[in-house]
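# Architecture and fold: a report
So the chains spell out like this:
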Amino acid sequence: MRTFISIIIFALLLVQCKPRTVEKTSKVVGLIVDSAMVVSAREEASKIGVEILKKGGNAFDAMVATELALAVSYPVAGNIGGGGFMVYRLNNGETGALDYREKAPMLASKNMYLDENGDFIEHKSTLGAMAVGIPGTIAGIFATHKKFGTLPIETLIQPAINLAKRGIFITKNQAKNLNNSRTKFEKANNYTIHLDTLWVVGDTLKFTELATTLERIKNNGKDEFYKGKTAEHIVNYIQELGGIISMDDLEKYEAKWRTPITFNYKGFEITSMTLPSSGGICLAQILKAIEPYNLNKIGHNSTKYIQLLTEAQRRAYADRAHYLGDPDFVSIAIDSLIDSKYINHRMESFSWEKATKSSEISYGKLNGYESEETTHYSIVDTFGNAVSVTTTLNTAYGSKVYVKNGGFFLNNEMDDFSAKPGVPNYFGLIGSKANEIAPEKRMLSSMTPTIVSKNGKLKMVIGSPGGSTIITSVLQNILNVADFKMGMQEAVNSARFHHQWLPDTITLESKGFDSISKVELQNIGYKIFERASLAIGKVDAILVLPNGKLEGGADPRGDDKAVGF
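Residues numbered from 1 in each chain as written. Predicted model: local features only at pLDDT ≥ 70, side-chain atom pairs only at ≥ 80, totals over all residues. Heavy atoms only, no water.

### Considerations on the overall build of the protein chain
- Across its full length, the protein chain holds 19 helices and 19 strands.
- Counting only residues that meet the buried cut, the protein chain has 62% of its 565 residues in that class.
- Accessible area for the protein chain stands at about 21,700 Å²; split by element, carbon and sulfur atoms hold 51% of it.
- Across the protein chain, the mean location of the 63 positive side-chain charges is 5 Å away from that of the 60 negative side-chain charges. (Helix = DSSP H or I, 4+ residues; strand = E, 2+ residues; numbered from the N terminus. Buried < 20%, exposed > 50% of the residue type's maximum accessible area, 1.4 Å probe, protein only. Areas by Shrake-Rupley, 256 points an atom, 1.4 Å probe, with all protein chains shown as cover. Lys, Arg positive; Asp, Glu negative; His and termini not counted. Charge placed at Lys NZ, Arg CZ, Asp CG, Glu CD.)

This is the structure in structure tokens:
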């Protein structure tokens, strides 16, 4: 009897010691094609991008067409009244990045969202005319076309015009988003916008005014949006609502070409967005922090895996809060922040035995929440060029301001500034002086458009919406492919989790994490949050398979779709 009990105890110890990985469902394979692909938030936009590729256009031509198609088919985040970032890789291996992030108006000031007592005025930075930054999307697509485009700009804009006139099919997700926003549409505008009605699945939504706006942009170019009739519509309506954007603000806006963040992780070369996006820097910090560990041995989505990534993320987001901002306004030691010695020093306080409290973690000493309603798309063309683009209005439908006679929403990106040090924004992100409001300054972002290469060849194009969860969504999908050898759709489907320093909570998607891991994490001091409907990110990605074919990963958390040939 004693021998039998000993065997049972020994067996139980073996079970406890073995790394526990959440059991995966049967392998899911995404769309696989031979030559070219677009993966975006809406099938209409992906199809329009692919049609441009079939006409002989390159990835940059398809970027212009897809961006504008999303402004029509996905108005919750697709836009001409917002901004974004593009990371690219040419077929010769050359990489680069475009910053068409919004800017603060010239009349903006550090304390513009504080009352006479210095207290933050709720909703002023998120709803209505005062929340709007100077839009960059139109400048971004014209800068892209000027540098890399091969087809006439008119050819690239026309499909979005046709789609706006024809109308889009309202999905279950869109009906829910539109209906949930009706009260805010009413508060933000001084007239009833045509989206402010009760929508049901299967309805057709047309954008007649937007079609007219896009026609003017097609005929008159970038200047139409920043100096012409469209600019006048924007400024007149903003000022009618009490906002501060002027014609001078629009006329002075320019997109900027920047050098992306590039670093190595376990033999993969990763190229991601640089400041004013924090995405590339945070991604580099987290991946370098966990690089010394054997993740396969630890186990995918196991207790220790969640703990390790949480502790690396905690330290990266603490640095983000203190150091990062618009590089045109503040000096930031990027090389020091992503230096391996610095990152290893930051991880010295990590222990498997207990959680590190965020209250005990500040920013490191150097030697030298965006909404889930952002959108991302990935493109690979027949020539081997790749673009990774993330664009946004910030929260759902941005400021909810719908330009009168223009037919499009304006962003609420001013909330991405630090309105007051220590006060969290919509996504719970804390900021400091580096990201304080200043005229013509670009606000800090979490957008993380990323391209991965290996042995000098394109491997993956990836990105996600999700506000502060963008970085961790991109991170976990890179790890799913690089360390756990998943296919692209399998990686995208896998459950995700998130930690961002403050609030000091691990957020879990409701499916994919076992109850034992949750208890184990809580027992060593971690706070867990999960909700049945919670989705972290909506990753749209493309993986180059060993045989050269392309596999799309379109996130099932949304209406996302991969299209290719």
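### So, the packing of helix α12 (residues 279–290) against helix α17 (residues 470–482)
- Relative to each other, α12 and α17 sit at 45°, their axes nearing to 10 Å. What the angle tells us is that α12 and α17 run oblique. Every pair of crossing elements has a handedness; the one defined by α12 and α17 is right-handed. From α12, Gly279, Cys282, Leu283, Ile286, Leu287 and Ile290 reach across to α17, where they touch Ile471, Val474, Leu475, Ile478 and Leu479.
- In terms of residue class, the contact of α12 with α17 is built from ten nonpolar, one polar and no charged. (Axes fitted to C-alpha atoms, helices over the stretch in contact; angles between N-to-C directions. Parallel < 35°, antiparallel > 145°, perpendicular 65-115°, else oblique. Left-handed = near helix turned anticlockwise from the far one by under 90°. Contact = heavy atoms within 4.5 Å. Nonpolar A, V, L, I, M, F, W, Y, C, P; charged D, E, K, R; others polar.)

### Description of the UniProt feature "binding site: L-glutamate" (unreviewed entry) in the protein chain
- Per the UniProt record, "binding site: L-glutamate" (unreviewed entry) is found at Arg101, Thr392, Leu393, Asn394, Asp416, Ser445, Ser446 and Gly467. Taken from the residues named earlier, the lining of the second largest cavity is made up of Leu393.
- Here Arg101 is to be found in the loop between β4 (95–100) and α4 (137–148).
- The exposure class of Arg101 is buried, given its relative accessible area of 0%.
- On the secondary structure map, Asp416 appears in the loop between β11 (386–392) and β12 (450–454).
- Overall, Asp416 belongs to the buried group, its relative accessible area being 5%. (UniProt positions renumbered as here; feature names shortened; annotations may be inferred. 1 Å grid on protein atoms, 1.4 Å probe; cavity = no way out; pocket = protein on both sides within 12 Å on 5 of 7 lines; lining within 4 Å.)

### Notes on the UniProt feature "active site" (unreviewed entry) in the protein chain
- Here, the residues flagged by UniProt with the feature "active site" (unreviewed entry) are Thr374.
- Secondary-structure assignment places Thr374 in strand β10 (residues 374–380).
- In this structure Thr374 comes out as buried when scored by relative accessible area, which is 0%.
- Discounting residues that sit within four places of it in the chain, Thr374 has contacts with Tyr74, Ala77, Thr390, Thr391, Thr392, Asn394, Met447, Pro465 and Gly466.
- One polar contact links Thr374 to Thr392, side chain to side chain, over a distance of 2.9 Å. (Polar contact = N/O pair within 3.5 Å; in protein donor to acceptor, adjacent residues only side chain to side chain.)

### A look at empty space enclosed by the protein
- In this structure, the second largest cavity occupies an estimated 80 Å³ of space.
- Along its surface, the second largest cavity is lined by 13 residues, and Ala71, Pro75, Gly78, Phe408 and Phe409 are the ones closest to its centre.
- For the lining of the second largest cavity, a count of residues per class yields nine nonpolar, four polar and no charged. (Points joined across faces, edges and corners; volume = space filled by probe spheres on them.)

### Here we look at the pairing of strand β13 (residues 457–462)
- Pairing of β12 with β13 involves five bridges; the strand directions are antiparallel. Across the sheet, residue Ser453 finds its bridge partner in β13, namely Leu458.
- Where β12 hands over to β13, the hairpin turn is made up of two residues, of which Asn455 adopts a positive phi near 55°.
- Where β13 lies against strand β17 (residues 540–544), two bridges are found, and the strand directions are antiparallel. For Met460, the partnering residue across the bridge sits in β17 and is Leu543. (Pairing = 2+ DSSP bridges.)

### Examining the packing of aromatic side chains
- Summed over all chains, the structure comprises 19 aromatic pairs.
- Ring centres of Phe185 and Tyr397 lie 5.3 Å apart, and the angle between their planes is 80°; this geometry places the pair in the edge-to-face category. Judged on exposure class, the residue Phe185 and its partner Tyr397 are both buried.
- Here the aromatic cluster, defined as three or more aromatic residues joined through ring pairs, consists of Phe60, Tyr88, Phe148 and Trp257.
- The aromatic ring of Tyr226 is capped on one face by Lys222, whose charged end is 5.9 Å from the ring centroid.
- The side chain of Lys304 reaches across the aromatic face of Trp352, ending 5.1 Å from its centre. (Phe/Tyr/Trp six-rings, centres within 6.5 Å; stacked < 30°, edge-to-face > 60°. Lys NZ or Arg CZ within 6 Å of the ring centre and 35° of its normal.)

### Describing the nonpolar core
- The biggest cluster of nonpolar side chains holds 85 residues, and the ones touching the most others in it are Met63, Ile80 and Leu214.
- It is helix α3 (residues 59–73) that contributes the most residues to this core, eleven residues altogether.
- Two domains each provide a minimum of three residues to this core, namely domain 1 (43–167 + 206–258 + 374–433) and domain 2 (168–205).
- Beyond its immediate stretch of four places on either side in the chain, Leu214 contacts Leu68, Val72, Ile80, Ile157, Ala160 and Ile161.
- Within the second largest apolar cluster, 83 residues are counted, among which are Phe268, Tyr317, Met347 and Leu545. (Core = buried A, V, L, I, M, F, W, Y, C linked by side-chain atoms within 4.5 Å. Domains from an automatic or database assignment.)

### A short note on the pattern of salt bridges
- The tally for this structure, following the rule as stated, stands at 29 salt bridges.
- For Glu240, the salt bridge is made with Lys404, and the minimal N-O distance between the two is 2.8 Å.
- Across the pair Asp328 and Lys256 runs a salt bridge, and its minimum N-O distance is 2.9 Å. Residue Asp328 is located in the loop between α14 (303–323) and α15 (334–337), and its partner Lys256 is located in strand β7 (residues 256–258); the two are separated by 72 residues in the primary sequence. (Salt bridge = Lys/Arg side-chain N within 4 Å of Asp/Glu carboxyl O.)

### Some words on the environment of Thr274
- Mapped onto the fold, Thr274 is located in the loop between β9 (268–272) and α12.
- Owing to a relative accessible area of 7%, Thr274 belongs among the buried residues under this scheme.
- Along the sequence, Thr274 and Asp99 sit 175 residues apart, while their C-alpha atoms lie 8.8 Å from each other.
- Other than its neighbours up to four places away in sequence, Thr274 contacts Arg258, Thr259, Pro260, Ile261 and Ile334.

### As for helix α2 (residues 43–54)
- Compared with the 16 Å implied by 1.5 Å per residue over twelve residues, the 16 Å span of α2 between its first and last C-alpha is a close match.
- Residues of α2 that are buried in the fold lie against β2 (37–40), α3, α5 (153–166), β5 (168–169), β10 and β19 (561–564).
- Just downstream of α2, Gly56 is the residue with a positive phi angle, here 100°. (Expected span 1.5 Å × (residues − 1).)

### Considering the sheet that holds β4
- Strand order in this open sheet of seven strands is β7-β4-β3-β11-β10-β2-β19, and the pairing throughout is antiparallel. If you trace the sheet from one side to the other, it starts and ends with β7 and β19, each paired once. Across this sheet, the average inter-strand angle for adjacent strands is 15°, counted without regard to direction.
- Against the sheet, α3 makes contact with β2, β3 (83–89), β4, β10 and β11, and its axis sits at roughly 150° relative to β10, the strand it touches most.
- Each of β3, β4, β7 and β11 is contacted by α4, which is oriented at about 150° to β4, the strand it contacts most.

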